[in-house]
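Structural description and commentary
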Amino acid sequence: MCNFVRKSQGKDSGKNFMSGMGVILKCLFVWMFTTAGIFSLSAGELHATVKVQSDLVQGTSKQLFASLEEALRTFINGRRWSDLSADSYEKIDCMFTLLITEVVSNGMFRGELYVQSRRPVRDDARETPMLNIRDKHLEFGYTAYQPLLFDPHFVQDNLTATVAFYVYLILGLAGDADAPLGGTPFFREMEQIAASVQPFGWRGWEMDRNSRSRSVTAISFNEGFGEEFRKMWYRYHALGLDLLSANASVGMENIASSVLPLLLLHEEHPGSVLIPMFGDAKLDELISLLSTGSVITKREAYQTLRKIYPARGTVLEKLR
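Our subject in this report is the structure included herewith. Predicted model only: the values in this text are computed from it and were never measured. (Residues numbered from 1 in each chain as written. Predicted model: local features only at pLDDT ≥ 70, side-chain atom pairs only at ≥ 80, totals over all residues. Heavy atoms only, no water.)

1. Quick look at the pattern of salt bridges
- Under the definition given, this model contains 20 salt bridges.
- A salt bridge links Arg 214 to Asp 135, with the shortest nitrogen-to-oxygen separation between them at 2.6 Å. Here Arg 214, found in helix H5 (residues 214-222), pairs with Asp 135, found in strand S4 (residues 127-141); they are 79 residues apart in sequence, far enough to count as distant.
- Taking the relative accessible area as the measure of exposure, Arg 214 reaches 2% and is therefore buried.
- Across the pair Arg 320 and Glu 317 runs a salt bridge whose closest N-O atoms are separated by 3.6 Å. (Salt bridge = Lys/Arg side-chain N within 4 Å of Asp/Glu carboxyl O. Helix = DSSP H or I, 4+ residues; strand = E, 2+ residues; numbered from the N terminus. Buried < 20%, exposed > 50% of the residue type's maximum accessible area, 1.4 Å probe, protein only.)

2. Brief notes about the packing of aromatic side chains
- Enumeration over the complete set of coordinates arrives at 16 aromatic pairs.
- Relative to Tyr 168, the ring of Trp 81 lies with its centre 5.5 Å away and its plane at 90 degrees, an arrangement referred to as edge-to-face. With Trp 81 in the loop between helix H2 (62-77) and strand S2 (92-105) and Tyr 168 in helix H3 (residues 158-178), this residue pair connects regions lying 87 residues apart in the sequence. Judged on exposure class, the residue Trp 81 and its partner Tyr 168 are both buried.
- Where Tyr 168 meets Phe 186, the ring centres are 6.5 Å apart and the plane angle is 25 degrees; that geometry is what we call stacked. On the criterion of sequence distance, the pair formed by Tyr 168 in helix H3 and Phe 186 in helix H4 (residues 184-197) is long-range, its members being 18 residues apart. Both residues of the pair, Tyr 168 and Phe 186, count as buried.
- Within the aromatic cluster, the residues linked to one another by ring pairs are Phe 187, Phe 221, Phe 229, Trp 233, Tyr 236 and Phe 278.
- The lysine or arginine in question, Arg 79, covers the ring of Trp 81, its NZ or CZ lying 4.9 Å from the ring centre. (Phe/Tyr/Trp six-rings, centres within 6.5 Å; stacked < 30°, edge-to-face > 60°. Lys NZ or Arg CZ within 6 Å of the ring centre and 35° of its normal.)

3. Details of the pairing of S2
- When strand S1 (residues 46-53) meets S2, the two strands line up parallel, connected through eight bridges. What sits directly across from Leu 46, in S2, is Ile 92.
- Pairing between S2 and strand S3 (residues 108-120): 10 bridges, direction antiparallel. Across the sheet, Cys 94 pairs through a bridge with Ser 117, a residue of S3.
- Between the end of S2 and the start of S3, which pair antiparallel, lie two residues, with Gly 107 showing a positive phi angle near 85 degrees. (Pairing = 2+ DSSP bridges.)

4. Overview of the packing of helix H8 (residues 259-268) against helix H10 (residues 295-308)
- Across the interface, H8 lies against H10 with an axial gap of 9 Å and an inter-helix angle of 30 degrees. As far as their axial angle goes, H10 and H8 are roughly parallel. Between H8 and H10 lies a crossing of left-handed hand. Facing H8, whose interface residues are Val 259, Leu 262, Leu 263 and His 266, H10 presents Thr 304, Leu 305, Lys 307 and Ile 308.
- A per-class count over the contact of H8 with H10 returns five nonpolar, two polar and one charged. (Axes fitted to C-alpha atoms, helices over the stretch in contact; angles between N-to-C directions. Parallel < 35°, antiparallel > 145°, perpendicular 65-115°, else oblique. Left-handed = near helix turned anticlockwise from the far one by under 90°. Contact = heavy atoms within 4.5 Å. Nonpolar A, V, L, I, M, F, W, Y, C, P; charged D, E, K, R; others polar.)

5. With respect to the sheet that holds S3
- Taken in spatial order, the four strands make up an open sheet running S1-S2-S3-S4, and their pairing is mixed. Each having just a single partner strand, S1 and S4 make up the two edges of the open sheet. Strand-to-strand twist of the sheet, defined as the mean angle between neighbouring strand axes without regard to direction, takes the value 15 degrees.
- Set on the sheet, H2 makes contact with S1, S2, S3 and S4; between it and S1 the angle comes to about 165 degrees.
- Across the sheet, H3 lies against S1, S2, S3 and S4, angled at about 165 degrees from S4, the strand it touches most.

Structure follows, in structure tokens:
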């Protein structure tokens, strides 16, 4: 509950009035976040679990991080990120975990952002992982009860730009899984954000092709060499996983066929961010599925995947 300041008499009345106004504004922000959580979270395409973890930093009000967590939850879940009608999509389950690692100055923080998403498998009780990414380069400003605003054509801060970037990545991967190149509008939005932030020089948005930056990720999905990866992504999900219950042999064949495009991408663009992105989200699942196949299928998959993911030997051993 908010306690409002009663009208004061005498020389302190102006001071008390300003103090009371501060309390009122604070209460309004609390009300905005609370009512947004009640009335608006059904509006968006995502069903996101949001966590802000601040155990690594001391001396900063926990209330500030609580308000940040609520602001992020409202920003992600309460916003419409596309022009799709509400009955044309199923909300996407995802998780955003912001780990605060350092207080740079008053109101400025460094942290890491962990983003995960998953997708139901058609006619199956299982869900398949779609994204599992750790972004270690996030510096941002925030003050308690600050509403988070975003316009891809007029970027104002790094926090909302980064979070929006990953929202569009989640939506793009989901779109590509349901239709050939279906995520294109969302990958274009990622590219727009990456272009808009370049004048600021924020870490994590570098254009260096040898990095795994957000800008390079956007380029990878929008340039021609990413098209085969995206078509493979569709075959793996819509023609592979989604067919397993109805036609296991065809479904497994399409899942197994995903290995070759990964090898070609590795050979032609060995530093592509798409390779580790697939590995971090899908490799465990892919190996688990392929391990039920024939000896020949498992041997061929092992030999190919070992070239692509040489550091993942422990997981690959399941195919031997």
